[in-house]
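A closer look at the structure
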2 protein chains.
Amino acid sequence: MTENNKIGRYTFLAEPFHCDSSGKLSMGYMGNTLLNCADFHSKSRGFGMTYLHDHNCTWVLSRFAIEMYEMPAQYDRFEVETWVENVYRLFTDRNFAIYNAAGTIIGYGRSVWAMIDVTTRKPLDLLALHSGSITDYICDHPCPMDKPSRIKLREGQEVGRYVARYSDIDINGHVNSIKYIDHILDLFPLDYHLSRKVTRFEMAYVAETYCGETLTFYREETAPQTFDIEVKKEETLICRSRVCFSDQTTNNEQ
Amino acid sequence: MTENNKIGRYTFLAEPFHCDSSGKLSMGYMGNTLLNCADFHSKSRGFGMTYLHDHNCTWVLSRFAIEMYEMPAQYDRFEVETWVENVYRLFTDRNFAIYNAAGTIIGYGRSVWAMIDVTTRKPLDLLALHSGSITDYICDHPCPMDKPSRIKLREGQEVGRYVARYSDIDINGHVNSIKYIDHILDLFPLDYHLSRKVTRFEMAYVAETYCGETLTFYREETAPQTFDIEVKKEETLICRSRVCFSDQTTNNEQ
């Protein structure tokens, strides 16, 4: 298998209802799009729903980081490449590159996944699955963005609460991975968003939230325009996040 | 132009993140999909963004009704047809038919649109635009669902409040049309949704909501499992809605 065959490439349109007040695709929808690509790509390579269902196992997203130089504007076409960077016993690293319609790279993504047994909720040995064939898909392809950070708040301030509702809940009965991105970005006022763009967004998923449960959001500005966030359900940590903004006028395109 | 040429037909996939706790596409995303089709179809027929921008006008959704016999399940492909049923001086009726992958009709939609001048916010005479060419697209195609209802609460009870946030706001600076659908369905507990399906959903859009404004939701059960809803911003009516549920076990497919 050549390196090129190991890379999935998918085309999308930035739909108006998926864009925010700036008219650009929201970070939540970019996340949604990347996770769809992960799903399409693993499915077409033997690790899709049928395999998972027959083996009573499922992929679990552990970490997710997205870095964007320029977000697609509404009605823009964009392309996403995804590939497997590494496979360890308990985790696999899947990366992403995002291209604008002109073929210029406008962002990257990194994700870390585990596979668990649906009944026991215990992680499975990825190297033992499918006769270890997952390693055939490891691909050497550049992803020049930092790996997901270690996020730990020292002096987090409570900045918001949210009760999980019907529209947050997926087929597994818990708040879906993308909704946390929206809820975290909603901690910042519209005016703050309008004069800035999100250049890097990170999530570390720890525990699940069910409908009706109250999430409390703690935030600390650890560097100018860089915020570390912890989301808790009473004393239980649900997820951690880091959001890096830059001024809209800053030109940090590659 | 033949009748068939007047009908747009588009294919979609029910993405997992767009499905609700039942594993079926949420009504909000079905609405999103139909509005995208309206957009694609009007764009390819001379009333798209370029025309609107050059003429300083925009389409405004006034009424929207969706009736579903069966919602696509996650990973299902489905198709949407859309066509213009009528054009009046101030409004145009655009209809939709939704097909499952086997080609069976699983739902219908009706929408009513006005075109306004962006500066004055006044409605424009549709029959005078583009030399009246919009009437060329009128098409006789079946849409066997009731027209949007007159919704008027007699004894509405306050059932919820919601403060509009960053993720609700579109490029025009107000809460996007689809978000109201999610917020209205969030008035019903998860258990209520899990044992039922939404068979008909209606929206009548009246006024706009801006970020930070508080919406108050009033509800009245006007028939068994049929709810009329008014959404207000203080004393100002923002929109009205009707939601009809049926038991999941009821077989009301065509």
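Residues numbered from 1 in each chain as written. Chains lettered and ligands numbered in written order. Predicted model: local features only at pLDDT ≥ 70, side-chain atom pairs only at ≥ 80, totals over all residues. Heavy atoms only, no water.

**A short note on the overall build of chain A**
Secondary structure summary: chain A contains four helices and 10 strands in total. Along chain A, helices and strands appear, N-terminal first, in the series β-α-α-β-β-β-β-β-α-α-β-β-β-β. The C-alpha extent of chain A, read off along each of the three principal axes, is 50 × 45 × 30 Å. Relative to all contacts within chain A whose residues are 6 or more apart in sequence, the contacts with residues 24 or more apart total 72%. With an accessible surface of roughly 11,200 Å², chain A has 49% of that area assigned to carbon and sulfur atoms. (Helix = DSSP H or I, 4+ residues; strand = E, 2+ residues; numbered from the N terminus. Contact = heavy atoms within 4.5 Å. Areas by Shrake-Rupley, 256 points an atom, 1.4 Å probe, with all protein chains shown as cover.)

**Describing the relation of the copies chain A and chain B**
Under the fitted operation, chain A is carried onto chain B by 0.0 Å of movement along the axis and a turn of 180°, and the coordinates agree to an RMSD of 0.0 Å. Viewed as a symmetry operation, the transformation between the two copies matches a two-fold axis. Closest approach to the rotation axis among the C-alpha atoms of chain A is made by Tyr162 of chain A, whose C-alpha sits 5.4 Å away. An overlap of 100% is found between the interface residues of chain A and their copies at the interface of chain B, pointing to a shared contact surface. (Least-squares fit on C-alpha atoms with pLDDT ≥ 70 in both.)

**Some remarks on the pairing of strand β8 (residues 214-223) of chain A**
All names here are of chain A. Pairing geometry for strand β6 (residues 157-163) and β8, over six bridges, is antiparallel. For Gly160, the partnering residue across the bridge sits in β8 and is Phe217. As paired elements, β8 and strand β9 (residues 226-233) share seven bridges and run antiparallel to each other. If you follow Arg219 over to β9, its bridge partner there is Ile229. (Pairing = 2+ DSSP bridges.)

**Some details on the sheet that holds strand β1 (residues 8-13) of chain A**
The strands making up a sheet associate through backbone hydrogen bonding, with each pair oriented either parallel or antiparallel. Residue and element names in this part refer to chain A. Across the sheet, 10 strands lie side by side as β1-β3-β4-β5-β2-β7-β10-β9-β8-β6; this open sheet has antiparallel pairing. Each edge of the open sheet is held by one strand with a lone partner, namely β1 and β6. With direction set aside, neighbouring strand axes in the sheet form an average angle of 25°. The pairing of strand β3 (residues 77-87) with strand β4 (residues 92-100) spans nine bridges and is classified as antiparallel. Residue pairing in the sheet places Glu79 in a bridge with Tyr99 of β4. Here helix α3 (residues 177-185) sits on the sheet and contacts β2 (57-68), β6, β7 (196-205), β8, β9 and β10 (236-247); the angle it forms with β7, its principal contact strand, is near 135°. (Axes fitted to C-alpha atoms, helices over the stretch in contact; angles between N-to-C directions.)

**Observations regarding the interface of chain A and chain B**
It is common to give the size of an interface as the accessible area lost on bringing the parts into contact. With 38 residues of chain A at the interface, the matching set in chain B holds 38 residues. With both sides pooled, the region where chain A packs onto chain B buries about 3,300 Å², and carbon together with sulfur makes up 57% of that total. Among the residues of chain A in contact with chain B, Phe17, Tyr166 and Asp186 of chain A are the three that bury the most area, contributing 25% of the side total. There are two salt bridges connecting chain A and chain B. Between the two partners, chain A and chain B, sit 19 residue pairs in polar contact (both at pLDDT 80 or more). For the side of chain A that touches chain B, the element with the most residues is helix α1 (residues 27-47) of chain A, which contributes seven residues. Considering only residue class, the side of chain A that touches chain B consists of 18 nonpolar, 12 polar and eight charged. (Buried area = accessible area lost by both parts, 1.4 Å probe. Salt bridge = Lys/Arg side-chain N within 4 Å of Asp/Glu carboxyl O. Polar contact = N/O pair within 3.5 Å; in protein donor to acceptor, adjacent residues only side chain to side chain. Nonpolar A, V, L, I, M, F, W, Y, C, P; charged D, E, K, R; others polar.)

**Re the packing of aromatic side chains**
Residue and element names in this part refer to chain A. Applying the stated rule across the entire model yields 22 aromatic pairs over all chains. Three or more aromatic residues joined by ring pairs form one cluster here, namely Phe188, Tyr192, Phe227 and Phe245. The side chain of Arg219 reaches across the aromatic face of Phe188, ending 4.8 Å from its centre. (Phe/Tyr/Trp six-rings, centres within 6.5 Å; stacked < 30°, edge-to-face > 60°. Lys NZ or Arg CZ within 6 Å of the ring centre and 35° of its normal.)

**Comments concerning the domain arrangement of chain A**
Residue and element names in this part refer to chain A. Structurally, chain A comprises domain 1 (4-137) and domain 2 (157-247). Taking the mean C-alpha position of each, domain 1 and domain 2 sit 20 Å from one another. Contacts between the two partners involve 17 residues from domain 1 and, on the opposite side, 17 residues from domain 2. In total, domain 1 and domain 2 occlude about 1,400 Å² of area from one another, counting both sides; carbon and sulfur atoms represent 55% of this. The tally of links between domain 1 and domain 2 comes to one salt bridge. With a shortest N-O distance of 2.5 Å, Glu67 and Arg200 are connected by a salt bridge. Run the count over domain 1 and domain 2 and you get six residue pairs in polar contact (both at pLDDT 80 or more). Sorting the residues of the side of domain 1 that touches domain 2 by element identifies α1 and β2 as the ones contributing at least two each. No other element matches the eight residues that β2 contributes to the side of domain 1 that touches domain 2. (Domains from an automatic or database assignment.)

**As for the packing of helix α1 (residues 27-47) of chain B against helix α3 (residues 177-185) of chain B**
Residue and element names in this part refer to chain B. Remark: α1 packs on α3, axes separated minimally by 8 Å, with the N-to-C direction vectors making an angle of 165°. Relative to α3, the element α1 is oriented roughly antiparallel. Crossing angle aside, the handedness with which α1 passes α3 is right-handed. On α3, the residues touching Met27, Gly28, Gly31, Asn32 and Leu35 of α1 are Ser177, Ile178, Ile181, Asp182 and Leu185. Class assignment of the residues belonging to the contact of α1 with α3 gives a composition of five nonpolar, four polar and one charged. (Parallel < 35°, antiparallel > 145°, perpendicular 65-115°, else oblique. Left-handed = near helix turned anticlockwise from the far one by under 90°.)

**Points about the confidence of the model for chain A**
Residue and element names in this part refer to chain A. Taken as a whole, chain A shows an average pLDDT of 93; of its residues, 96% reach a score of 70 or greater. Ignoring residues within four places in sequence, the model shows residues 250-254, a span with pLDDT below 50, making 11 contacts including any to other chains. Two summary scores accompany this predicted model of the complex, namely pTM at 0.94 and ipTM at 0.92. (pLDDT = per-residue confidence, 0-100.)

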